Amino acid sequence: MNVSVLAKRVLDRLCEALPPVLEGLAAGDEAEALSLRVTDSPSTGDAQRAFRVDGPGDVSFEGRLEAFPAGEASLDLHVEVEEGHSHRFTCHSRDGEVECDELERVSAAVASFLVNEAECRRIQSAQPPPALAEVPSYVPLLILDEKGTIQDLTLGARRVLEHSPDEPIEPNVFSHVHGQNLRRVMRDLAHMVTHKKQRARWLLRLRTGNHRWRWYRVLAENHLDSSRPSVRMLLRPL
């Protein structure tokens, strides 16, 4: 099968698979439910689709999916969100087709990315920020004090940092940051404390529970002046 035809077919299947996967992440909790709908015509000839995600309150955003050939047996899927992040996922094919388990894997990865984007918007708009008990457990979130001590974290954060649910974690967040990224993290957190810096975005390596270094994108939000003083770090593994 021609790779451009494959790219369009994969996008069609992905747009069908994503809505139930996204809704399933918050199954049973209407307050956290997110829905996705494709906003361009299904007959679009290019290997791209525009979509809109809607959630509770004011959490809504638009984005775009694009597929590019990356060889005879794989595609690059680019997901871009308005006023947010973008990410690239790889989708493998076999004999010109993408198998169901591969489509499920990619759908889950894209849905997780969109959930994180929605949570970024909710955290940014919340005053005061929601208590940790109000944050969905699958959202990978760290709660720090002004000294960089981890006060709490979600099960989602434990998962992406490769720690078991009951495993003790070193409370000093700086001890988890690779030395080549440490100076910037320490500087930005210090500026949050002393200069009221509101947010920082980092691409950095963190030490995982499996004693390896893994790349993450991190959004740090300053809530030190709220009724629940904290710095919140939202993690997205690469």
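Residues numbered from 1 in each chain as written. Predicted model: local features only at pLDDT ≥ 70, side-chain atom pairs only at ≥ 80, totals over all residues. Heavy atoms only, no water.

Colleague: What's the story with the overall build of the protein chain in this structure? I'm lost.
Modeller: Within the protein chain one finds 4 helices and 10 strands. Along the chain direction, N to C, the helices and strands of the protein chain fall in the order α-β-β-β-β-β-α-β-β-α-α-β-β-β. Here the protein chain, with 238 residues, has 47% of them falling under the buried criterion. A sequence separation of at least 24 residues applies to 44% of the contacts in the protein chain between residues at least 6 apart. Carbon and sulfur atoms form 48% of the exposed surface of the protein chain, whose accessible area is close to 12,200 Å². (Helix = DSSP H or I, 4+ residues; strand = E, 2+ residues; numbered from the N terminus. Buried < 20%, exposed > 50% of the residue type's maximum accessible area, 1.4 Å probe, protein only. Contact = heavy atoms within 4.5 Å. Areas by Shrake-Rupley, 256 points an atom, 1.4 Å probe, with all protein chains shown as cover.)

Colleague: What should I look at first to understand the pairing of strand E8 (residues 199-207) in this one?
Modeller: Every regular strand shows the same layout, with side chains that alternate between the two sheet faces. In the sheet, E8 pairs with strand E9 (residues 213-222) via 9 bridges, with the strands oriented antiparallel. What sits directly across from arginine 205, in E9, is tryptophan 215. In this structure, the hairpin formed by E8 and E9 is closed by a connection of 5 residues, where histidine 211 is found at a positive phi of approximately 60°. (Pairing = 2+ DSSP bridges.)

Colleague: It is not clear to me how the pattern of salt bridges should be interpreted in this structure. Could you clarify?
Modeller: Any two side chains of opposite charge can pair, given that their charged atoms come close. With the rule as written, the count across this model stands at 12 salt bridges. Two residues, arginine 105 and glutamate 102, come together in a salt bridge whose shortest N-O distance is 2.7 Å. Residue arginine 105 and its partner glutamate 102 are located together in helix H2 (residues 100-125), separated by 3 residues, close to a single helical turn. Residue arginine 105 is classed as partly exposed on the basis of its relative accessible area of 41%. On the basis of relative accessibility, which here comes to 12%, the residue glutamate 102 falls in the buried class. Close ionic contact of arginine 199 with glutamate 221 constitutes a salt bridge, the shortest N to O distance being 3.2 Å. Residue arginine 199 is found in strand E8, and its partner glutamate 221 is found in strand E9; the two are separated by 22 residues along the sequence. According to the relative accessible area criterion, glutamate 221 is buried, its value standing at 4%. Each of Arg52, Asp54 and Glu62 takes part in one network of salt bridges that share partners. (Salt bridge = Lys/Arg side-chain N within 4 Å of Asp/Glu carboxyl O.)

Colleague: Is there a simple way to explain the pairing of strand E7 (residues 150-153) in this structure?
Modeller: The pairing of strand E6 (residues 141-144) with E7 spans 3 bridges and is antiparallel. For leucine 142, the partnering residue across the bridge sits in E7 and is leucine 153. A loop of 5 residues connects E6 with E7, the two strands running antiparallel in sequence, and glycine 148 in this loop sits at a positive phi of about 85°.

Colleague: I would appreciate a short explanation of unusual backbone geometry in the present structure.
Modeller: Outside of glycine, negative phi angles account for most residues, and trans bonds account for most peptide bonds. Non-glycine residue lysine 196 carries a positive phi angle of around 60°. Residue placement: lysine 196 occurs in the loop between helix H4 (179-194) and E8.

Colleague: Just checking my understanding: could you explain a nonpolar patch on the surface for this structure?
Modeller: Together, Leu203, Trp215 and Leu238 make up an exposed nonpolar region whose accessible area comes to about 270 Å². Assignment of secondary structure puts leucine 238 in the segment after strand E10 (231-237). (Patch = residues over 30% accessible without salt bridge, like charges linked within 9 Å, V, L, I, M, F, W, Y side chains within 5 Å.)

Colleague: Whenever I open this one, the nonpolar core confuses me. Can you help?
Modeller: In a soluble, globular protein the nonpolar side chains are often hidden away together inside. Counting residues in each nonpolar core, the largest one holds 40 residues, and the members touching the most others are Leu22, Val53, Leu65, Leu77, Val79 and Leu114. Broken down by secondary-structure element, the contributors of at least two residues to this core are helix H1 (3-24), strand E2 (48-54), strand E3 (60-69), strand E4 (74-81), strand E5 (86-92), H2 and E6. Once residues lying within four places of it in the same chain are set aside, the contact partners of valine 79 are Phe51, Arg64, Leu65, His85, Ser86, His87, Phe89, Val110, Phe113 and Leu114. Within the second largest apolar cluster, 25 residues are counted, among which are Ile150, Val185, Leu204 and Leu235. (Core = buried A, V, L, I, M, F, W, Y, C linked by side-chain atoms within 4.5 Å.)

Colleague: Please clarify how the sheet that holds E4 should be interpreted in this entry.
Modeller: Strand pairing within a sheet occurs via backbone hydrogen bonds; the two strands may be parallel or antiparallel. Taken in spatial order, the 5 strands line up as E1-E2-E3-E4-E5 in an open sheet, and their pairing is antiparallel. Strands with a single pairing partner mark the edges of an open sheet, and in this sheet they are strand E1 (35-38) and E5. On average, each strand axis in the sheet is inclined to that of its neighbour by 25°, with strand direction left out of account. (Axes fitted to C-alpha atoms, helices over the stretch in contact; angles between N-to-C directions.)

Colleague: Please clarify how the environment of valine 139 should be interpreted in this entry.
Modeller: Along the chain, valine 139 turns up in the loop between H2 and E6. Considered as a pair, valine 139 and alanine 157 are 18 residues apart in the sequence and their alpha carbons are 6.9 Å apart. Once residues lying within four places of it in the same chain are set aside, the contact partners of valine 139 are Val115, Glu119, Thr154, Gly156, Ala157 and Leu234.

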